[in-house]
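Topology and contacts: notes
Each chain, letter by letter, is given below.
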Amino acid sequence: MRDNVKLIGIGGTGENIIDKMILRGFDPDDCMIIQGTSEYFGESSARIKIALDNKENPADKYCYNEDDPVWGSRMILDQSETFLKAFDSIDMVVIIIGVDDGAGRGSSASIAMLGKMNAMIVVSILLIPIGNVSASNRIFPGLDAIIENSDTTIMISRNQLKQLLPFNTTARFVDFLAAGDEIVSAVISEIITGNNESWCNIPLNAFISNGIGYVGIGNGPTVQTGMNRSLSCPLLEYSSLERATRILAYFSIRHATERNDVRKVLTRLRDNVNKSAEILTTVHIDENAEFYGVILLAARLS
């Protein structure tokens with residue numbers, strides 16, 4: 001993993017994904033969980049846990065309001081010294097949130113703002129809940145503030161995420177969520193926070209001023225299959241690769257000799273994007289991998 005990265009999970013969605021990141025090898029000391037009230041904390045291994053309502057302080061006059069972005073923003077700013085201390089010497093902060101929680105949206109916006117004060121790179125990952133028509137229709141109060149204060153805001157629709165999962169219609173809803181969170185944790189781990197065993201890691205400054213980004217994910221028995229599935233991934237439904245001015249591409253292959261295959265499929269990718277788009281790549285070699293994998297992040301959409 002990259003050094004000097006702080007992961008912040010807000011609400012139940014954020015906490016679940018942080019837990020999966022820790023299982024992938026992320027240091028619990030670099031993980032922070034934020035909940036509206038301490039009653040919502042699970043059994044996360046994250047070292048830092050903050051309850052916005054601060055019930056341990058009898059003088060606290062505020063009560064938890066899960067629907068109010070302004071309340072969430074105010075609670076973070078009231079504890080700004082705690083966050084600025086946690087951000088000391090950090091190069092990147094990754095904020096993960098399910099945007100159905102109003103207080104969480106306000107919290108995310110204020111955390112992103114504090115990160116920008118420290119001149120860090122801020123990546124916000126927003127999971128749009130099932131039942132909302134479009135991730136591109138930012139109908140949730142407080143979302144614009146998150147986008148404004150983040151270097152890159154990655155939109156992931158659970159409606160489209162659900163289409164990637166190998167479940168039938170009788171599967172439990174909680175299983176859909178868990179499997180989707182596993183996919184999101186892979187995106188964070190591999191293309192954003194990086195992997196020390198990767199060849200040519202995508203640089204941190206690739207995430208600066210990239211606007212809104214969308215993710216395409218694919219795997220298969222060949223790199224070409226993985227690329228084809230990534231290009232047609234439902235998660236890219238609300239974006240257009242032709243409009244992306246920067247593409248971050250992550251490849252998982254089995255042998256170093258297969259880098260030539262990566263070069264070939266990059267030609268196919270080039271045919272599907274803006275001719276002037278910048279394409280940055282990372283290649284990870286895993287001889288025990290069951291499939292060849294491709295993750296695309298289409299960013300800085302015009």
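Below: a short report on this structure. (Residues numbered from 1 in each chain as written. Predicted model: local features only at pLDDT ≥ 70, side-chain atom pairs only at ≥ 80, totals over all residues. Heavy atoms only, no water.)

Burial analysis of strand β4 (residues 92-98) places 7 of its 7 residues in the buried class, the great majority of the element. In β4, alternate side chains face the same way, and those of Met92, Val94, Ile96 and Gly98 on one face and Val93, Ile95 and Ile97 on the other are all buried. In the sheet, β4 pairs with strand β5 (residues 121-128) via 7 bridges, with the strands oriented parallel. Within the sheet, the bridge partner assigned to Gly98 lies in β5 and is Leu127. Remark: the β4/helix α4 (residues 102-117)/β5 crossover connection has right-handed handedness. (Buried < 20%, exposed > 50% of the residue type's maximum accessible area, 1.4 Å probe, protein only. Helix = DSSP H or I, 4+ residues; strand = E, 2+ residues; numbered from the N terminus. Pairing = 2+ DSSP bridges. Right-handed = clockwise from strand over helix to strand, strands pointing away.)

Moving on, we come to the packing of aromatic side chains. In total, this model carries 1 aromatic pair according to the counting rule given. For the ring pair Phe83 and Phe87, a centre distance of 6.4 Å and an interplane angle of 55° mean the geometry is tilted. As far as burial versus exposure is concerned, Phe83 and Phe87 are alike and both buried. (Phe/Tyr/Trp six-rings, centres within 6.5 Å; stacked < 30°, edge-to-face > 60°.)

Attention now moves to the nonpolar core. Core analysis: the biggest nonpolar cluster contains 54 residues, and Ile34, Phe83, Phe87, Ile111 and Phe251 have the highest contact counts within it. Apart from the residues within four sequence positions on either side, Ile34 is in contact with Ile8, Gly9, Ile10, Gly11, Ile50, Leu52, Ile76, Phe83 and Ile111. Core analysis: the next-biggest nonpolar cluster, separate from the first, contains 40 residues, Ile156, Ile188, Tyr250 and Leu297 among them. (Core = buried A, V, L, I, M, F, W, Y, C linked by side-chain atoms within 4.5 Å. Contact = heavy atoms within 4.5 Å.)

With that settled, consider the environment of Leu126. Summarising the element assignment, Leu126 is placed in strand β5. Assessed through its relative accessible area of 0%, Leu126 is described here as buried.

Tallied over the entire structure, the rule returns 7 salt bridges. A salt bridge links Lys20 to Glu182, with the shortest nitrogen-to-oxygen separation between them at 3.8 Å. Placement of the pair is Lys20 in helix α1 (residues 11-23) and Glu182 in helix α7 (residues 173-192), with a sequence separation of 162 residues. Arg158 is the partner of Asp181 in a salt bridge, and the nearest nitrogen-oxygen pair spans 2.8 Å. Taken together, the residues span a long stretch of sequence, with Asp181 in helix α7 and Arg158 in helix α6 (residues 158-162) at a distance of 23 residues. Neither Asp181 nor Arg158 differs from the other in exposure class; each is buried. One salt-bridge network, held together by shared partners, links Lys20, Arg24, Glu182 and Glu190. (Salt bridge = Lys/Arg side-chain N within 4 Å of Asp/Glu carboxyl O.)

One way to put it is that α1 packs onto α7 with a least axis distance of 9 Å and a crossing angle of 60°. By the angle between their directions, the pair α1 and α7 is classed as oblique. Judged by the twist between their axes, the crossing of α1 over α7 is right-handed. Counted together, Thr13, Asn16, Ile17, Lys20 and Met21 of α1 and Ala178, Asp181, Glu182, Val184, Ser185, Ile188 and Ser189 of α7 form the full contact between these two elements. (Axes fitted to C-alpha atoms, helices over the stretch in contact; angles between N-to-C directions. Parallel < 35°, antiparallel > 145°, perpendicular 65-115°, else oblique. Left-handed = near helix turned anticlockwise from the far one by under 90°.)

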